[in-house]
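Examination of the molecular architecture
Listed below, chain by chain, are the residues.
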Protein chains: 2
Amino acid sequence: MTHRLELTALPDFPTVKAGDDLARLVHEGLGRAGVEPRARDVVVLAQKVVSKAEGRAVRLADVVPSPRAVELAATALKDPRVVELILRESREVIRCRPHVIIVEDLRGYVMANAGIDASNVEGDGEETVLLLPADPDASAARLRADLDRLTGARMGVVINDSFGRAWRLGTCGTAVGVAGLPALLDLRGRPDRNGRTLMTSELALADEVAAAGSLLMGQGGEGHPVIHIRGVPEVGRDGRAADLVRPRNMDLFR
Amino acid sequence: MTHRLELTALPDFPTVKAGDDLARLVHEGLGRAGVEPRARDVVVLAQKVVSKAEGRAVRLADVVPSPRAVELAATALKDPRVVELILRESREVIRCRPHVIIVEDLRGYVMANAGIDASNVEGDGEETVLLLPADPDASAARLRADLDRLTGARMGVVINDSFGRAWRLGTCGTAVGVAGLPALLDLRGRPDRNGRTLMTSELALADEVAAAGSLLMGQGGEGHPVIHIRGVPEVGRDGRAADLVRPRNMDLFR
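Residues numbered from 1 in each chain as written. Chains lettered and ligands numbered in written order. Predicted model: local features only at pLDDT ≥ 70, side-chain atom pairs only at ≥ 80, totals over all residues. Heavy atoms only, no water.

Per an unreviewed UniProt entry, the recorded name for chain A is Coenzyme F420-0:L-glutamate ligase, and the organism is Alsobacter ponti.

Quick look at the structure:
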């Protein structure tokens, strides 16, 4: 078990554009922060910068809403073109109420609006929205490999987003992409200090890392979209954010 | 916005007993860790040490289960005496399945088993379980005032517990008691970098702090039950964990 955790926001992170080499920008940012990367460090990236680098911005003017999108938009009081994109990014609509659409997205995540957010997208007069990376675990794995090449340090990578929760107000940083650390730490069978077997047996390690990183990001990750963390336990073993998805047959709340 | 966050686990924290002066133990632990407390630092405490200090352990031999507890225990495959305590700590049972009882507890928190956990309670031959503090926000406020007296530093206090989530596997550190920092950070009306009004408008700051602290605690907070954090934004303004409870009329998932 580690005794200290140090988080550093990479200062003056540039505005990210489609096609940017994000690993290089992170490497440069680590240099500006005076951080010498080491194996088992973790880099947390706001989903928005990953999506931007991957060209996941969509111009609303190019979106033609389907009849179903128009119908849901009337209930949700949202732009039908945004609802169309939410539907394209989703397997199932779980709840639709005024100002709220909760879906299971293509990655299995249950979340509002399929993670699509209109705020903080660079304008140029055009109305655009950002989709989640198509495969955020693959994005994290690529960033991990690229950072390894650039820095020589085999770090963990977490891509986070702000998720709402069922019974609690406010959003919390949550892992949507993971590489190089266990997303879910299985403690089953480990005895506790008194030799009893632990009842609470799985820790959502990557979600806790995502939440910790979020504390320094500022809202939406636009202040400091990349955070370096030293001291996260168990980094090195591999995992994926997909491991955190509760299987449908274990889900009591749909 | 802060740029750095430093978390330090207080080393060699003693086993806490009913009646112990927890603030004094924290003060001594800060000394052992070489931390000089400052205003706007935050101390995160595992619920278990607060509950133990407050004498919230219950001997199962003293519990007589009601007929309803016996009935639910048969469905949940749990000890009827534990189920009796869960019912006493709850306003409503939301789901009951084999190995799972989800309730709204007396504090409004929706959680498994009303936060009652049999693991890591000190034995002495007796079977005991620990209840949550009766009023964890009041516990946090008392600890804050006591720490202020002992250290001269007006710190924030978060009491955390490991909560499961509706659609994601694994537990995540979650705030059950808060004093001296906003539990919920209201960002509504603050424009983003492009002058748009933010859509995601409330941040569960105390839950993110609780999750960050959990990373150093080890399972159940028994390894390092108390964590000192420097660098949390917005500390100083007051808030309560009760602020994080989603009102029933805004809850789509019961």
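There's more to say after this.
1. A look at the overall build of chain A
A tally of regular secondary structure across chain A gives six helices and twelve strands. Buried residues in chain A amount to 59% of all 254 residues. Long-range pairs, those at least 24 residues apart, make up 61% of the contacts in chain A between residues at least 6 apart in sequence. Accessible surface, chain A: about 9,900 Å² in total, of which carbon and sulfur atoms supply 50%. (Helix = DSSP H or I, 4+ residues; strand = E, 2+ residues; numbered from the N terminus. Buried < 20%, exposed > 50% of the residue type's maximum accessible area, 1.4 Å probe, protein only. Contact = heavy atoms within 4.5 Å. Areas by Shrake-Rupley, 256 points an atom, 1.4 Å probe, with all protein chains shown as cover.)

2. A look at empty space enclosed by the protein
All chains considered together, the criterion is met by three cavities of 30 Å³ or more. Of the volumes computed, that of the largest cavity is approximately 380 Å³. In this structure, the largest cavity is lined by 25 residues; those nearest its centre are Gly164(A), Arg165(A), Ala166(A), Gly164(B) and Arg165(B). Those elements that provide at least two residues to the lining of the largest cavity are β9 (172-179) of chain A together with β9 (172-179) of chain B. When grouped by side-chain class, the residues that make up the lining of the largest cavity number twelve nonpolar, seven polar and six charged. (1 Å grid on protein atoms, 1.4 Å probe; cavity = no way out; pocket = protein on both sides within 12 Å on 5 of 7 lines; lining within 4 Å. Points joined across faces, edges and corners; volume = space filled by probe spheres on them. Nonpolar A, V, L, I, M, F, W, Y, C, P; charged D, E, K, R; others polar.)

3. Thoughts on the sheet that holds β9(A)
In sheet architecture, strand pairing relies on hydrogen bonds along the backbone and comes in two forms, parallel and antiparallel. What the ten strands build is an open sheet, ordered β9(A)-β8(A)-β2(A)-β12(A)-β1(A)-β1(B)-β12(B)-β2(B)-β8(B)-β9(B); its pairing is mixed. Among the strands making up the open sheet, the edge pair consists of β9 of chain A together with β9 of chain B. Neighbour-to-neighbour, the strand axes of this sheet turn through a mean angle of 25°, independent of strand direction. Inspection of the sheet shows strand β2 (residues 42-46) of chain B paired to strand β8 (residues 156-163) of chain B by five bridges, in the parallel sense. Opposite Val44(B), over in β8(B), you have Val158(B) as the bridge partner. Helix α6 (residues 205-217) of chain A contacts β1 (4-9), β2 (42-46), β8 (156-163), β9 and β12 (226-230) of chain A together with β1 (4-9) and β9 of chain B of the sheet and is inclined by roughly 120° relative to β9(A). Against the sheet, helix α6 (residues 205-217) of chain B touches β1 and β9 of chain A together with β1, β2, β8, β9 and β12 (226-230) of chain B, its axis set at about 120° to β9(B). (Pairing = 2+ DSSP bridges. Axes fitted to C-alpha atoms, helices over the stretch in contact; angles between N-to-C directions.)

4. A few points about the side chain of Glu104(B)
All names here are of chain B. Examined against the element boundaries, Glu 104 turns out to sit in strand β5 (residues 100-105). Here the side chain of Glu 104 touches Arg 254 through a polar contact of 2.6 Å, side chain to side chain. Ignoring anything within four residues of it in the chain, the contact list for Glu 104 reads Ser 90, Arg 91, Glu 92, Ile 94, Tyr 109, Val 110, Arg 248 and Arg 254. (Polar contact = N/O pair within 3.5 Å; in protein donor to acceptor, adjacent residues only side chain to side chain.)

5. Some points on the nonpolar core
Core analysis: the biggest nonpolar cluster contains 118 residues, and Leu22(A), Leu45(A), Leu22(B) and Leu45(B) have the highest contact counts within it. Every residue in contact with Leu22(B), bar those within four places of it in the chain, is listed here: Phe13(B), Val16(B), Leu45(B), Val49(B), Val50(B), Ala53(B) and Leu143(B). By size, the runner-up hydrophobic cluster in this structure holds 20 residues, among which are Val63(A), Val82(A), Ala114(A) and Ile116(A). (Core = buried A, V, L, I, M, F, W, Y, C linked by side-chain atoms within 4.5 Å.)

6. Focus: the environment of Glu36(B)
Residue and element names in this part refer to chain B. Relative to the elements of secondary structure, Glu 36 occurs in the loop between α1 (22-33) and β2. In sequence terms Glu 36 and Gly 236 are 200 residues apart; their C-alpha atoms lie 18 Å from each other. Glu 36 has contacts with Asp 41 and Arg 230, leaving out every residue within four places of it along the chain.

7. Notes on the packing of aromatic side chains
For the coordinates displayed, the defined rule picks out four aromatic pairs over all chains. Ring geometry for Tyr109(A) against Phe163(A): centres 6.4 Å apart, planes inclined by 65°, an arrangement best described as edge-to-face. With Tyr109(A) in the loop between β5 (100-105) and β6 (110-112) and Phe163(A) in strand β8, this residue pair connects regions lying 54 residues apart in the sequence. In this structure Phe163(A) comes out as buried when scored by relative accessible area, which is 5%. Taking 4.7 Å as the distance between ring centres and 80° as the angle between the ring planes, the aromatic pair formed by Trp167(B) and Phe253(B) counts as edge-to-face. Of this pair, Trp167(B) sits in the loop between β8 and β9 while Phe253(B) sits in the segment after β12, placing them 86 residues apart in sequence. A single burial state applies to Trp167(B) and to Phe253(B), both of which are buried. (Phe/Tyr/Trp six-rings, centres within 6.5 Å; stacked < 30°, edge-to-face > 60°.)

8. Observations concerning helix α3 (residues 67-76) of chain B
All names here are of chain B. Within α3, the full set of buried residues consists of Ala 69, Leu 72, Ala 73 and Ala 76. Buried residues in α3, looked at end-on, bunch into an arc of 105°, giving them a common side. Set apart from the buried face of α3 by more than 90 degrees, the exposed residues are Pro 67, Glu 71 and Ala 74. Buried-residue contacts for α3 involve α4 (80-88), β4 (90-97) and β5. (Arc of directions from axis to C-beta.)

9. A short note on the pattern of salt bridges
Across all of its chains, the model carries 50 salt bridges over all chains by this definition. Residues Glu54(B) and Arg142(B) are paired through a salt bridge, measuring 3.2 Å at the closest nitrogen-oxygen approach. Of this pair, Glu54(B) sits in the loop between α2 (47-53) and β3 (57-59) while Arg142(B) sits in helix α5 (residues 136-151); the two residues are 88 residues apart in sequence, bridging distant segments of the chain. Assessed through its relative accessible area of 31%, Glu54(B) is described here as partly exposed. Close ionic contact of Arg240(B) with Asp243(B) constitutes a salt bridge, the shortest N to O distance being 3.7 Å. For Asp243(B), a relative accessible area of 30% corresponds to the partly exposed category. One salt-bridge network, held together by shared partners, links Arg91(A), Glu92(A), Glu104(A), Arg248(A), Asp251(A) and Arg254(A). (Salt bridge = Lys/Arg side-chain N within 4 Å of Asp/Glu carboxyl O.)

10. Looking at the packing of α6(A) against α6(B)
Relative to each other, α6(A) and α6(B) sit at 125°, their axes nearing to 8 Å. By the angle class used here, α6(A) and α6(B) are oblique. By crossing handedness, the relation of α6(A) to α6(B) is classed as left-handed. Contacts between α6(A) and α6(B) involve Leu205(A), Glu208(A), Val209(A), Ala211(A), Ala212(A), Ser214(A) and Leu215(A) from the former and Leu205(B), Glu208(B), Val209(B), Ala211(B), Ala212(B), Ser214(B) and Leu215(B) from the latter. Of the residues assigned to the contact of α6(A) with α6(B), the class counts are ten nonpolar, two polar and two charged. (Parallel < 35°, antiparallel > 145°, perpendicular 65-115°, else oblique. Left-handed = near helix turned anticlockwise from the far one by under 90°.)

11. Structural notes on the pairing of β5(B)
Residues and elements named next belong to chain B. Taking burial as the measure, the six residues of β5 include five buried ones, the bulk of the element. As paired strands, β4 and β5 are joined by six bridges and run antiparallel to one another. Residue pairing across strands places Cys 96 opposite Ile 101, the latter belonging to β5. The hairpin formed by β4 and β5 contains two residues between the paired strands, and His 99 there has a positive phi angle of roughly 70°. Pairing analysis gives three bridges linking β5 to strand β6 (residues 110-112), with the strands arranged antiparallel. Bridge pairing in β6 places Glu 104 opposite Val 110. In this structure, the hairpin formed by β5 and β6 is closed by a connection of four residues, where Gly 108 is found at a positive phi of approximately 95°.

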